[in-house]
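# Observations on chain architecture
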Amino acid sequence: MIKSLRGMNDILSEDYERFTYFINTATDVAQKYGFHFIETPLLEETALFKRSVGESSDIVGKEMYQFIDKGENDVCLRPEGTAGVVRAFIQKKLDKAGGLHRYFYHGSMFRYERPQKGRLRQFHQFGVESFGSESVYEDANMIMMVADILDACGIGYRLQLNSLGDSMCMPTYRDNLVKFVERRKDDVCEDCVRRLDTNPIRVLDCKNGKCQEIYVNAPKLIDNLCESCDTDFTVLKKILDTNEIKYEIDTNLVRGLDYYSKTAFEFVSDDIGSQSAIAGGGRYDRLVEFLDGKPTPAVGFAMGIERLMELIKMPEQTKEGYYIGALDENAVDLVVQLAHKKRRTDKVTIDYKAKNFKNHIKGADKVNAKYFVLIGSNEIQSGAIVIKNLEDKTEDNIPIEEF
Ligand code: HAM
């Protein structure tokens, strides 16, 4: 038997209900915030991700589904959504148009990671990207949007917040951090030594316990922010306080993608095990320029749908629509005909087999139908049917043509 690839799941039945419920809820919130849908291809030039997510990131270094296509192009299944949206934004010359441009998207992302609970090789994100605003109020807007989506789905969270500085303060901080780690080179892990040459601030989120003990005493970026970053971070915290969104400052939160500056945030859940990040994002003011666009401030986030599906509190299912059943073979045609008409306005379930009352009522329960209609020789002869309301148990006797 051929099975699906490791870390790539089917989504059907009850899972699919959760999946669409989440997407519909998040879409509704994003539209209320004035965001528009954008769809970008699943396949892009590999160079796009190398230049945006960054060569030193694990995503580009180890996890890309990269191949040469039949036209000798070096292509890659998208590991995340931001790079493609930025590419589209520049390609459509929206960077030159000025003003605010706000998009949301959802779809499959691919990362060749080691599969485990909550970590897949093909997973789905709901993401949002906002271009053209350098105001920290837009950063707050992003965080409030995630909080609204999670609240609407009944999902609890902890919000972790950090500032990664900008091109004014980050380089000096980076030098100080490198000096700190170099003095302890013999005690930190090999990965951290390697990170000193590639992307030193990634040492801060090393998962090795011994390294973490050492970095407790490392210089903190938020203590070394330039005036503008420091002011923005203070304002952001004030906006969140005013809007009653609780947060924790995590000075080691650096995010796994290279394009961030200033605000970085992650929403985590304590209820889904070790892969606890349910959403992550931040500001990326230099990315549009890196990808040859006109310098444009930007900020965004993405949420991991599979992880959220574990946590969603679905609203109680209400009974809905009709179940129409045939009691004998010669009623089947009429059942199909009535269902065809009724489906213009209502959900209708039918079964092509003639069955007795007991079996039909089981079918109606299974699909959670509100109204139950059976048609047999008696109904055909009398030209009338009984509509049972399965919720309040009332019955209505009507002529067939009025149905
Ligand atoms: P990210 O933190 O890499 O950010 O991913 C966002 C979310 O996707 C994570 O918080 C997690 O819920 C989910 N996720 C990531 N990897 C996996 C996996 N292997 N299996 C299941 N779920 C996963 C980004 O992708 C950025 N593009 C977010 C962003 C948008 N920043 C600015 N704009």
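Thresholds applied
- Residues numbered from 1 in each chain as written.
- Predicted model: local features only at pLDDT ≥ 70, side-chain atom pairs only at ≥ 80, totals over all residues.
- Heavy atoms only, no water.
- Helix = DSSP H or I, 4+ residues; strand = E, 2+ residues; numbered from the N terminus.
- Rg over C-alpha atoms; globule rule 2.2 N^0.38 Å.
- Buried < 20%, exposed > 50% of the residue type's maximum accessible area, 1.4 Å probe, protein only.
- Contact = heavy atoms within 4.5 Å.
- Areas by Shrake-Rupley, 256 points an atom, 1.4 Å probe, with all protein chains shown as cover.
- Lys, Arg positive; Asp, Glu negative; His and termini not counted.
- Charge placed at Lys NZ, Arg CZ, Asp CG, Glu CD.
- Domains from an automatic or database assignment.
- Axes fitted to C-alpha atoms, helices over the stretch in contact; angles between N-to-C directions.
- Parallel < 35°, antiparallel > 145°, perpendicular 65-115°, else oblique.
- Left-handed = near helix turned anticlockwise from the far one by under 90°.
- Near = heavy atom within 4 Å.
- Polar contact = N/O pair within 3.5 Å; in protein donor to acceptor, adjacent residues only side chain to side chain.
- Nonpolar A, V, L, I, M, F, W, Y, C, P; charged D, E, K, R; others polar.
- Pairing = 2+ DSSP bridges.
- Salt bridge = Lys/Arg side-chain N within 4 Å of Asp/Glu carboxyl O.
- Core = buried A, V, L, I, M, F, W, Y, C linked by side-chain atoms within 4.5 Å.
- Expected span 1.5 Å × (residues − 1).
- Arc of directions from axis to C-beta.

A few words now on the overall build of the protein. Looking only at helices and strands, one finds 15 helices and 16 strands in the protein. The C-alpha atoms of the protein give a radius of gyration of 27 Å, which is well past the 22 Å a tight globule of 403 residues would have. For the protein, the spread of C-alpha atoms along the principal axes amounts to about 95 × 50 × 45 Å. Out of the 403 residues belonging to the protein, those deemed buried represent 50%. Taking all contacts inside the protein whose residues are at least 6 apart in sequence as the whole, residues at least 24 apart take part in 70%. Of the roughly 20,900 Å² that the protein leaves accessible, carbon and sulfur atoms contribute 48%. Positive and negative charge centroids in the protein, built from 55 and 65 side chains respectively, lie 2 Å apart.

Right, let's talk about the domain arrangement of the protein for a bit. Looking at the assigned domains, one finds that the protein contains domain 1 (13-169 + 225-311) and domain 2 (322-399). Centre-to-centre separation of domain 1 and domain 2, based on C-alpha positions: 49 Å.

Turning next to the packing of helix H1 (residues 13-32) against helix H6 (residues 136-152). Between H1 and H6, whose axes approach to 9 Å, the crossing angle comes to 140°. With respect to their mutual orientation, H1 and H6 come out oblique. Handedness of the H1/H6 crossing: right-handed. Taking contact as the criterion, the partners of Tyr 21, Phe 22, Thr 25, Ala 26, Val 29 and Ala 30 in H1 are, on H6, Met 145, Asp 148, Ile 149 and Ala 152.

Turning next to the site of the ligand. As a structural note, the neighbourhood of the ligand is formed by 25 residues, with Glu 80, Glu 113, Glu 129, Tyr 260 and Ala 277 the closest of them. Arg 255 is positioned with one of its side-chain polar atoms (N or O) 2.9 Å from an oxygen atom of the ligand. Residue Gly 304 places a main-chain N or O atom 3.3 Å away from an oxygen atom belonging to the ligand. Isolated, the ligand exposes 660 Å² of accessible area, and the fraction of that covered by the protein chains is 96%. Where the shell around the ligand is concerned, the elements lending two or more residues are strand S6 (122-131), strand S10 (277-283) and strand S11 (298-304). Per-element tally for the shell around the ligand: the top contributor is S10, with 5 residues. Taken together, the residues of the shell around the ligand sort by class into 11 nonpolar, 7 polar and 7 charged.

A few words now on the sheet that holds strand S7 (residues 158-163). Pairing is mixed in the open sheet, where 8 strands are placed in the order S1-S5-S6-S11-S10-S9-S7-S8. Looking at which strands have only one partner, the edges of the open sheet turn out to be strand S1 (36-37) and strand S8 (248-249). Of the strands in this sheet, strand S5 (101-110), S6, S7, strand S9 (261-268), S10 and S11 are in contact with H6, which crosses S11 at around 20°.

What follows is about the pattern of salt bridges. Within this structure, the stated rule accounts for 20 salt bridges. When the shortest N-O distance is used, the salt bridge between Arg 158 and Asp 270 registers 2.9 Å. Highlighted residues: Arg 158 in strand S7 and Asp 270 in the loop between S9 and S10, separated in sequence by 112 residues. For Arg 158, a relative accessible area of 30% translates into the label partly exposed. Judged by its relative accessible area of 56%, Asp 270 is exposed. Ionic pairing is found between Arg 283 and Asp 285, a salt bridge with its closest N-O pair at 2.7 Å. According to the relative accessible area criterion, Arg 283 is buried, its value standing at 1%. Look at the salt bridges and you will find they share partners, linking Asp 139, Arg 283 and Asp 285 into a network.

Running from N to C, helix H2 (residues 46-54) and helix H4 (residues 82-91) cross one another at 110°; their axes reach a closest spacing of 9 Å. Regarding the angle of H2 to H4, the classification is roughly perpendicular. Residues Leu 48, Phe 49 and Ser 52 of H2 lie in contact with H4, whose contacting residues are Ala 83, Gly 84 and Arg 87. For the contact of H2 with H4, the residue count by class is 3 nonpolar, 2 polar and 1 charged.

Note on soluble globular proteins: their nonpolar side chains tend to be buried together. Judged by nonpolar contacts, the single largest core of 97 residues is most densely connected at Phe 22, Tyr 215 and Phe 267. For this core, the leading source of residues is H6, giving 10 residues. Counting residues in each nonpolar core, the second largest holds 18 residues, with Ile 324, Leu 334, Val 335 and Leu 338 among its members.

The subject of this paragraph is helix H10 (residues 227-242). In a regular helix each residue adds 1.5 Å, so 16 residues correspond to 22 Å; H10 covers 22 Å between its end C-alpha atoms and thus fits that length. If you check which residues of H10 are buried, you get Cys 229, Phe 233, Leu 236, Ile 239 and Leu 240. End-on view of H10: buried residues confined to an arc of 125°, all on one side of the axis. Within H10, the exposed residues directed more than 90 degrees away from the buried face are Glu 227, Lys 238 and Thr 242. Of the surrounding secondary structure, the elements contacted by the buried residues of H10 are H6, S7, S8 and S9. Positive backbone phi, approximately 55°, marks Glu 244, located one or two places after H10.

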